Amino acid sequence: MKEARNLVGGEWQSSVLHLESVNPANRRVIGLAHIASADTVREAVAAARAAAQGWRELGLWARASHLAKLADAIQASADALKRLITAEMGRPLPEAEIEVLESADMIRFFAEDAKSFFSGESLPINPALFPGKLSYTIREPLGVVGVIKPWNYPLELPLWSIGAALLAGNTVVFKPSELTPLVGAEIGRLAQESGLPAGVLNIVHGAGDTGEQLVDSDIDMISFTGSLKTGQRVMEVAAKRVLKVSLELGGSDACLVLGDADLEEAVNGTLWGRFTNCGQVCVSAKRIIVVDSIADRFVQAFVNRVAALRVGDGSSADVDLGPLVSDAQRDRLIGQVTDAIERGATLLVGGSVPPGQPDGFFYSPTVLTDVTDDMRVVAEEVFGPVAVIFRAHDADHALQLANQSQFCLGASVWSQSLDRALGVASRIRAGMVWVNEINVAYPNCPWGGISRSGSGRELGRDGVLEYTSSKHVNIDITDEKTRPWWFPYGRS
Ligand code: NAD
């Protein structure tokens, strides 16, 4: 059985308390994680602090070359990594493979293209008020970054934060999700294999209390991805230390299918956008809003496609949807669907636990219509294979429905008119909008939400600079021995 230990200052440490890693397709225990004690969390932060100066002074190019080796190591272990992802959180192997390849691609982006983001700026100063001044900014690391991530992309999400933080010259203490500690520990193994100096990346395992100990420790920034509720708690604890916080939180993305959408493309895209990763994606199409003129044809084609999705163990061939990650996650979903049906929603397909897979946390892909705002499937984030379809009179009404959510992460618009699609896209309250596309992250484009979906950005220039602070340097280049605003006052 695999064991995930805590990585502290380059050493793998055991502990007396363990948590089990369970394969959600069959409930088999596949590994044990060693839960970090409060002392271990403190030691990990101290190790990161001790390594910080050396890592910073190594310089940008040397740090980037470490990341290039990390990208190679990920690529070299791609097969084992994808199998571990599927075994630990259930997504089908083809999806796990894409996650591994994207992870390597993102780290390569940090190693190669992202170096140019650290150039700083030279700033003009008004000579009439302040003659003979030269000002510029430089980008500096923050110090020690705490990285706390969820289980739904257990390799990619941690790596896009860790990669950017390390490139910028920070050291890291990473806490993986308690549901995916084995993949989390693999990140430490890969970092060691690629020659990362001891203490630059540390890993502590555990659930929420371990995460909270990390937030409440001697770190300089917390990079958090997870639910709204946990994000609020992280912000609360971080406020005591005035800690810089980057939050990537939940979403309830609107997917607007306008009357002139290409029906086949919109159905295919929306189907994948809602059901990939068993619907457990922050930017899943959680509220599908279809304009009346196309709605009947869309719903019929969509339901037919949903009914044909193949549910099963993600490690088998010919499976489209794996299990949900845990029993708790499935129970919550069942509660949300039951509530919707009791309040009058119409169930078009699914809505049950599929027979034949009694051991795994499976749920049939489900479609609901006639939903209202008071239902949990609308008011809450739905993290599972349940599509909720609204009807709108026209594009303006669709936009009005889209902007009613408390979440503002991503959105998508399906239309054959670029003018119309861009007009709608510009009025959607969200951090990201895809037009005739959905749910794709590109290494050089910023990722993140607004309002209750979080603050801060990952990826792209904005995401990399999130892990830096800007230092302003101001120089006097005159021969003057005094300044008009210095003492004594009252000189003419
Ligand atoms: P979660 O909030 O339950 O847990 C996230 C992480 O926080 C885990 O590692 C957990 O152990 C830790 N944690 C729990 N309590 C904590 C506390 N008090 N202090 C510090 N850390 C604590 O979320 P989850 O179920 O793991 O992930 C699903 C959520 O993540 C969904 O809401 C999803 O939308 C969101 N998500 C957002 C993005 C994004 O980019 N915006 C990406 C992926 C997932």
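Our subject in this report is the structure included herewith. As the structure is a prediction and not an experimental result, all values here were calculated from the model. (Residues numbered from 1 in each chain as written. Predicted model: local features only at pLDDT ≥ 70, side-chain atom pairs only at ≥ 80, totals over all residues. Heavy atoms only, no water.)

### Brief notes about the layout of surface pockets
Link 1 in the chain: The calculated volume of the second largest pocket comes to roughly 200 Å³.
Link 2 in the chain: Lining the second largest pocket are Val-299, Leu-348, Thr-369, Asp-370, Val-371, Asp-373, Ile-389, Phe-390, Arg-391 and Leu-401.
Link 3 in the chain: Per-element tally for the lining of the second largest pocket: the top contributor is strand β17 (residues 386-392), with 3 residues.
Link 4 in the chain: Grouping the amino acids of the lining of the second largest pocket by side-chain chemistry returns 6 nonpolar, 1 polar and 3 charged. (1 Å grid on protein atoms, 1.4 Å probe; cavity = no way out; pocket = protein on both sides within 12 Å on 5 of 7 lines; lining within 4 Å. Points joined across faces, edges and corners; volume = space filled by probe spheres on them. Helix = DSSP H or I, 4+ residues; strand = E, 2+ residues; numbered from the N terminus. Nonpolar A, V, L, I, M, F, W, Y, C, P; charged D, E, K, R; others polar.)

### Some thoughts on the site of the ligand
Link 1 in the chain: With respect to spatial proximity, 30 residues lie near the ligand, and among them Glu-178, Ser-227, Thr-230, Leu-249 and Glu-381 are the closest.
Link 2 in the chain: Gly-226 places a main-chain nitrogen or oxygen 3.4 Å from an oxygen atom of the ligand.
Link 3 in the chain: Residue Trp-447 places a side-chain N or O atom 2.9 Å away from an oxygen atom belonging to the ligand.
Link 4 in the chain: When the ligand is considered free in solution it has 850 Å² of accessible area, and contact with the protein chains removes 90% of it.
Link 5 in the chain: Secondary structure elements with two or more residues in the shell around the ligand: α7 (208-215), β11 (221-225) and α8 (228-241).
Link 6 in the chain: By residue class, the composition of the shell around the ligand is 13 nonpolar, 10 polar and 7 charged.
Link 7 in the chain: Domain assignment of the residues forming the shell around the ligand places at least three in each of domain 1 (2-249 + 453-473) and domain 2 (253-435). (Near = heavy atom within 4 Å. Polar contact = N/O pair within 3.5 Å; in protein donor to acceptor, adjacent residues only side chain to side chain. Areas by Shrake-Rupley, 256 points an atom, 1.4 Å probe, with all protein chains shown as cover. Domains from an automatic or database assignment.)

### Details of the packing of helix α3 (residues 78-89) against helix α6 (residues 181-193)
The relative placement of two packed helices comes down to the angle between their axes together with the axis-to-axis distance.
Link 1 in the chain: Contact geometry of α3 with α6 gives a least axis separation of 9 Å together with a crossing angle of 155°. Relative to α6, the element α3 is oriented roughly antiparallel. Side by side, α3 and α6 meet where Leu-81, Leu-84, Ile-85 and Glu-88 of the first sit next to Pro-181, Leu-182, Val-183, Glu-186 and Leu-190 of the second. (Axes fitted to C-alpha atoms, helices over the stretch in contact; angles between N-to-C directions. Parallel < 35°, antiparallel > 145°, perpendicular 65-115°, else oblique. Contact = heavy atoms within 4.5 Å.)

### A look at the sheet that holds strand β20 (residues 432-435)
Link 1 in the chain: Spatially, β15-β16-β17-β14-β13-β19-β20 is the arrangement adopted by the 7 strands of the open sheet, whose pairing is mixed. For this open sheet the edge positions go to β15 (346-349) and β20, each flanked by a neighbour on one side alone. On average, each strand axis in the sheet is tilted by 25° relative to the strand beside it, whichever way the strands run.
Link 2 in the chain: Sheet strands touched by helix α13 (residues 395-402): β13 (254-257), β14 (287-291) and β17. Its angle to β14, the strand with the most contacts, is close to 165°.
Link 3 in the chain: Running at roughly 165° to β20, helix α14 (residues 418-427) makes contact with β13, β19 (410-414) and β20 of the sheet. (Pairing = 2+ DSSP bridges.)

### Examining the pairing of β13
Link 1 in the chain: Going residue by residue along β13, you find Ala-254 and Leu-256 tucked away on one face and Cys-255 and Val-257 tucked away on the opposite face as well.
Link 2 in the chain: Where β13 and β14 come together, 4 bridges link them in parallel fashion. From the neighbouring strand, Ala-254 faces β14, where its bridge partner is Arg-287.
Link 3 in the chain: With helix α9 (residues 263-275) bridging β13 and its parallel neighbour β14, the resulting β-α-β unit is right-handed.
Link 4 in the chain: The pairing of β13 with β19 spans 4 bridges and is parallel. Along β19, the bridge assignment pairs Ala-254 with Ala-411. (Buried < 20%, exposed > 50% of the residue type's maximum accessible area, 1.4 Å probe, protein only. Right-handed = clockwise from strand over helix to strand, strands pointing away.)

### Some words on the environment of Asn-444
Link 1 in the chain: Relative to the helices and strands, Asn-444 resides in the loop between β20 and β21 (450-451).
Link 2 in the chain: Between the C-alpha atom of Asn-444 and that of Glu-97, which follows or precedes it by 347 residues, the distance is 20 Å.
Link 3 in the chain: Apart from the residues within four sequence positions on either side, Asn-444 is in contact with Phe-109 and Gly-460.

### Remarks on the nonpolar core
Link 1 in the chain: If you look at the biggest cluster of nonpolar residues, it comprises 70 residues, and the most contacted ones within it are Ile-74, Phe-110, Val-172 and Trp-447.
Link 2 in the chain: Here this core spans two domains, and each of domain 1 (2-249 + 453-473) and domain 2 (253-435) adds at least three residues to it.
Link 3 in the chain: Not counting residues up to four positions away in its chain, the partners in contact with Trp-447 are Trp-160, Glu-248, Cys-282, Val-283, Met-432, Trp-434, Val-440, Ala-441, Gly-456, Arg-457, Glu-458 and Leu-459.
Link 4 in the chain: Judged by nonpolar contacts, the second largest core, of 60 residues, contains Ala-266, Phe-275, Val-299 and Ala-392. (Core = buried A, V, L, I, M, F, W, Y, C linked by side-chain atoms within 4.5 Å.)

### Observations concerning the pattern of salt bridges
Link 1 in the chain: The tally for this structure, following the rule as stated, stands at 35 salt bridges.
Link 2 in the chain: Across the pair Asp-476 and Lys-133 runs a salt bridge whose closest N-O atoms are separated by 2.5 Å. Placement of the pair is Asp-476 in strand β23 (residues 468-476) and Lys-133 in strand β7 (residues 133-141), with a sequence separation of 343 residues.
Link 3 in the chain: Judged by its relative accessible area of 17%, Lys-133 falls in the buried class.
Link 4 in the chain: Residues Glu-466 and Lys-244 are paired through a salt bridge, measuring 3.9 Å at the closest nitrogen-oxygen approach. Here Glu-466, found in the loop between α15 (460-465) and β23, pairs with Lys-244, found in strand β12 (residues 244-248); they are 222 residues apart in sequence, far enough to count as distant.
Link 5 in the chain: Looking at Glu-466, the relative accessible area reads 15%, which means it is buried.
Link 6 in the chain: The class of Lys-244 is partly exposed, set by a relative accessible area of 28%.
Link 7 in the chain: Three or more residues are tied together by salt bridges with common partners; here these are Asp-79, Lys-82, Arg-83 and Glu-97. (Salt bridge = Lys/Arg side-chain N within 4 Å of Asp/Glu carboxyl O.)

### Thoughts on the sheet that holds strand β1 (residues 2-4)
Link 1 in the chain: Across the sheet, 3 strands lie side by side as β1-β5-β4; this open sheet has mixed pairing. Pairing within the sheet leaves two strands with one partner each, and these edge strands are β1 and β4 (18-22). Taking each pair of neighbouring strands and ignoring which way they run, the sheet shows an average axis angle of 30°.
Link 2 in the chain: Here 3 bridges tie β1 to strand β5 (residues 29-34), and the two strands are oriented parallel to one another. Directly across from Ala-4, in β5, lies its bridge partner Ala-33.
Link 3 in the chain: Packing of α6 onto the sheet brings it into contact with β1, β4 and β5, and relative to β1 it is tilted by some 70°.

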